[in-house]
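Each chain, letter by letter, is given below.
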Amino acid sequence: MLKRLVVVLALAAAAGGGSYLWWRARVPPRAEYVLVNETARHDFDLAFRMSLKLAEEKSGIENALVLLAALPPDKSIEETAAEQFSRFRIGARRNGRGVLYLYSAKENLLKIEVSYALEGEIPDVLCRQLEEAAKTYMLSEVPQDFISELIITTNLRGIGSRQQAAPTARPTWINDEFLSGGAGALVHGYSKSLGEYERAIRHLPDAQLGAFNASAHAATTLQRYLTSLELGIGDPRLPLLNEGSRIFRAVVPRDEAQQKRVFEFLQAAAPHRLLYAGDLALAVPQPGKSNLPVVLRRGSDGLWYVDEPKAWTYFHRFEDDVNFHVKYADNAFLPALRALGLPNTDRAIYGKHVRTPALLSYPFGLAQRVTELEKRASESTRDPASRAALGDLYLFEMNWITKAIEWYEKAEALAPNEHEYHWRLMDLYLNASRADQSLAELKFLSDHSPEDRQTRDWYEYYRKEYDFGAQ
């Protein structure tokens, strides 16, 4: 780990005021929150900068993120990280407490460089585990989520919360075939088809899955699901998961440590209260805990399945709040949640501006449904609703964010004044860490809804929050 930071500070202090000012004059100016992105993708820059800001505010540790298209010629990832750490004096304004995350896309390599003051809390062994995990997670559907989780994990360790910062490692169910894209997948864009994901799932190693069957009782399915989390099982083939959840787990792979961490949070929020609304059930955690509810779905076979995408699409938890929010006013559980007196249930985030799609009878073939809707869209070249229907299917049934964005962008292009499409894209961009695009959608809604004071206030608030000035 890097110790030169302490040496530099010591030399600067010993050199006297005049020499110190001369040294400072030679250092190139830098942004308050260091983000360098030399890759071709800049959709996530604003969200990354916000993550760096929030992490520093909570931990007192300066975090810096450098994303390279490729390593410099004849330079190793270790040498490059040391040079970048020294160049930006990471941690100097935080009493020597700093962390650099350096990723190079061509080589698909991550290096975490930690200042001397943090080596005791963020040891080499943890950094190596996280660096190894990046080889998988940076090829996933939402690599920016891995980086955000990475920053959270290291900062929790940096402030001594060891139990809340279990290391992230490659999921044991992922085989070499699943990873065959390698760094080339990053260069050309990692966007596999539903069929390719399904083929990868079918070739996963066999596991003892009989203990995790869906049950005719929602409480039993819930308990088996919690047990799977406690054991760290991230295998998408768990029989108690509905089909969309299996696709979701393939698109966004989960490792043992992450699953166990989710279990610990859910366990801390016990006892859970089960609410029912038609063919849906909701396991509600106790307030004051960092959790989303668990959504279960009853099939036409009478069995209850866990529907992980619904937890992410029906509910939301902001970074500065431990309690979940309800997204849509037509959420069937909203009256019961209000009756329980839970925080954040006085109103839905998006109110009645946009609704959830009708719940399809389960089980049904997702691949067949995708094919049917794509056929309808191809036959109706000027119909935005057919494209929005595909967006809804990918979002609410699979939480496949990039696919949902693709189809809602097509719908919006055909109907640019349809506010529902702007609301949906604003939410999707937000969850995909594309803060610039999310703000653009919110600005459109604010400008075109002069009577909607809440939307205007919301836009102004987030515009100021994300204003980092010239960077």
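Preceding this section is the structure that the text describes.
We now turn to the structure provided with this report. Computed from a predicted model, the values in this text were never measured in an experiment. (Residues numbered from 1 in each chain as written. Predicted model: local features only at pLDDT ≥ 70, side-chain atom pairs only at ≥ 80, totals over all residues. Heavy atoms only, no water.)

Brief notes about the overall build of the protein chain
No. 1: A tally of helices and strands in the protein chain yields 19 helices and 10 strands.
No. 2: Considering only contacts in the protein chain between residues 6 or more positions apart, those separated by 24 or more positions represent 63%.
No. 3: Carbon and sulfur atoms provide 52% of the accessible area of the protein chain, an area that totals close to 21200 Å². (Helix = DSSP H or I, 4+ residues; strand = E, 2+ residues; numbered from the N terminus. Contact = heavy atoms within 4.5 Å. Areas by Shrake-Rupley, 256 points an atom, 1.4 Å probe, with all protein chains shown as cover.)

Description of the pattern of salt bridges
No. 1: Tallied over the full model, the rule gives 24 salt bridges.
No. 2: Taking the shortest distance from any N to any O, the salt bridge between Arg424 and Asp392 comes out at 3.3 Å. One end of the pair, Arg424, is in helix α17 (residues 419-431); the other, Asp392, is in helix α15 (residues 384-398), and 32 residues separate them in sequence.
No. 3: Overall, Arg424 belongs to the buried group, its relative accessible area being 1%.
No. 4: Salt bridges linked by common partners bring Glu56, Glu62, Arg93 and Arg94 together as one network. (Salt bridge = Lys/Arg side-chain N within 4 Å of Asp/Glu carboxyl O. Buried < 20%, exposed > 50% of the residue type's maximum accessible area, 1.4 Å probe, protein only.)

Let's talk about empty space enclosed by the protein
No. 1: Tallied over the full model, the rule gives 4 cavities of 30 Å³ or more.
No. 2: Estimates place the volume of the largest cavity at around 90 Å³.
No. 3: Lining of the largest cavity is provided by Met426, Leu430, Ala435, Ser438, Leu439, Leu442, Trp458, Tyr462 and Tyr466.
No. 4: Secondary structure elements with two or more residues in the lining of the largest cavity: α17, α18 (435-447) and α19 (453-465).
No. 5: Class assignment of the residues belonging to the lining of the largest cavity gives a composition of 8 nonpolar, 1 polar and no charged. (1 Å grid on protein atoms, 1.4 Å probe; cavity = no way out; pocket = protein on both sides within 12 Å on 5 of 7 lines; lining within 4 Å. Points joined across faces, edges and corners; volume = space filled by probe spheres on them. Nonpolar A, V, L, I, M, F, W, Y, C, P; charged D, E, K, R; others polar.)

Comments concerning the side chain of Glu56
No. 1: Here Glu56 lies in helix α3 (residues 45-59).
No. 2: On the basis of relative accessibility, which here comes to 2%, the residue Glu56 falls in the buried class.
No. 3: A distance of 2.9 Å separates the side chain of Glu56 from the side chain of Arg94, its partner in a polar contact.
No. 4: Once residues lying within four places of it in the same chain are set aside, the contact partners of Glu56 are Tyr33, Ile61, Glu62, Asn63, Arg93 and Arg94. (Polar contact = N/O pair within 3.5 Å; in protein donor to acceptor, adjacent residues only side chain to side chain.)

Points about the side chain of Arg424
No. 1: A polar side-chain atom of Arg424 sits 3.3 Å from a polar atom in the side chain of Asp392.
No. 2: At a separation of 3.4 Å, a polar atom in the side chain of Arg424 contacts the side chain of Tyr408.
No. 3: Those residues in contact with Arg424 that sit more than four places away from it in its chain are Tyr328, Val354, Arg355, Pro357, Asp392, Leu395, Phe396 and Tyr408.

Quick look at the nonpolar core
No. 1: Of all hydrophobic cores here, the largest spans 94 residues; its most connected members are Ile112, Phe315 and Leu337.
No. 2: The next biggest cluster of nonpolar side chains, apart from the first, holds 18 residues, and it includes Leu209, Leu229, Ala283 and Val306. (Core = buried A, V, L, I, M, F, W, Y, C linked by side-chain atoms within 4.5 Å.)

Quick notes on the sheet that holds strand β8 (residues 304-306)
No. 1: Spatially, β5-β6-β7-β8 is the arrangement adopted by the 4 strands of the open sheet, whose pairing is antiparallel. Only two strands of the sheet have a single partner each, and these edge strands are β5 (273-277) and β8. On average, each strand axis in the sheet is inclined to that of its neighbour by 25°, with strand direction left out of account.
No. 2: As paired strands, strand β6 (residues 280-284) and strand β7 (residues 294-298) are joined by 4 bridges and run antiparallel to one another. Counterpart to Leu282 in the pairing with β7 is Val295. (Pairing = 2+ DSSP bridges. Axes fitted to C-alpha atoms, helices over the stretch in contact; angles between N-to-C directions.)

Looking at α19
One full turn of an α-helix is made of 3.6 residues, so residues set three or four places apart face in the same direction.
No. 1: Taking 1.5 Å of rise per residue, 13 residues should cover 18 Å, and α19 covers 18 Å from first to last C-alpha, within 8% of that figure.
No. 2: The set of residues buried in α19 consists of Thr455, Trp458, Tyr459 and Tyr462. Taken end-on, α19 shows its buried residues confined to a sector of 100°, consistent with a single buried face. Of the residues in α19, the exposed ones pointing more than 90 degrees away from the buried face are Arg453 and Lys464. (Expected span 1.5 Å × (residues − 1). Arc of directions from axis to C-beta.)

Describing the environment of Glu441
No. 1: With respect to the helices and strands, Glu441 occurs in helix α18.
No. 2: When the C-alpha atoms of Glu441 and His422 are compared, they prove to be 5.8 Å apart, with 19 residues separating the residues in sequence.
No. 3: When sequence neighbours within four positions are dropped, the list of residues in contact with Glu441 reads Glu412, His422, Leu425, Met426 and Tyr429.

Concerning the packing of helix α14 (residues 366-379) against α15
No. 1: At their nearest, the axes of α14 and α15 sit 8 Å apart, and the two run at 160° to each other. Considering the angle they form, α14 stands roughly antiparallel to α15. Two packed elements cross with a definite hand, and for α14 against α15 that hand is left-handed. Contacts between α14 and α15 involve Leu366, Arg369, Val370, Leu373, Glu374, Arg376 and Ala377 on the former and, on the latter, Ser386, Arg387, Ala389, Leu390, Leu393, Tyr394, Glu397 and Met398. (Parallel < 35°, antiparallel > 145°, perpendicular 65-115°, else oblique. Left-handed = near helix turned anticlockwise from the far one by under 90°.)

A short note on the packing of aromatic side chains
No. 1: Within the structure shown, the criterion is met by 18 aromatic pairs.
No. 2: Judged by centre distance (6.1 Å) and plane angle (70°), the ring pair of Phe44 and Phe48 falls under edge-to-face. Each of the two residues, Phe44 as well as Phe48, counts as buried.
No. 3: Taken together, a centroid distance of 6.2 Å and an interplanar angle of 50° make the contact between Tyr314 and Phe396 tilted. Note that Tyr314 is positioned in helix α12 (residues 308-314) and Phe396 in helix α15, a separation of 82 residues in sequence. Considered together, Tyr314 and Phe396 belong to a single accessibility category, that of buried residues.
No. 4: The structure contains a cluster of three or more aromatic residues connected by ring pairs, namely Tyr314, Phe315, Phe324, Tyr328, Tyr350, Phe396, Trp423, Trp458, Tyr461, Tyr462 and Tyr466.
No. 5: Lys410 extends its terminal NZ or CZ atom over the ring of Trp407, reaching a point 4.1 Å from the ring centre. (Phe/Tyr/Trp six-rings, centres within 6.5 Å; stacked < 30°, edge-to-face > 60°. Lys NZ or Arg CZ within 6 Å of the ring centre and 35° of its normal.)

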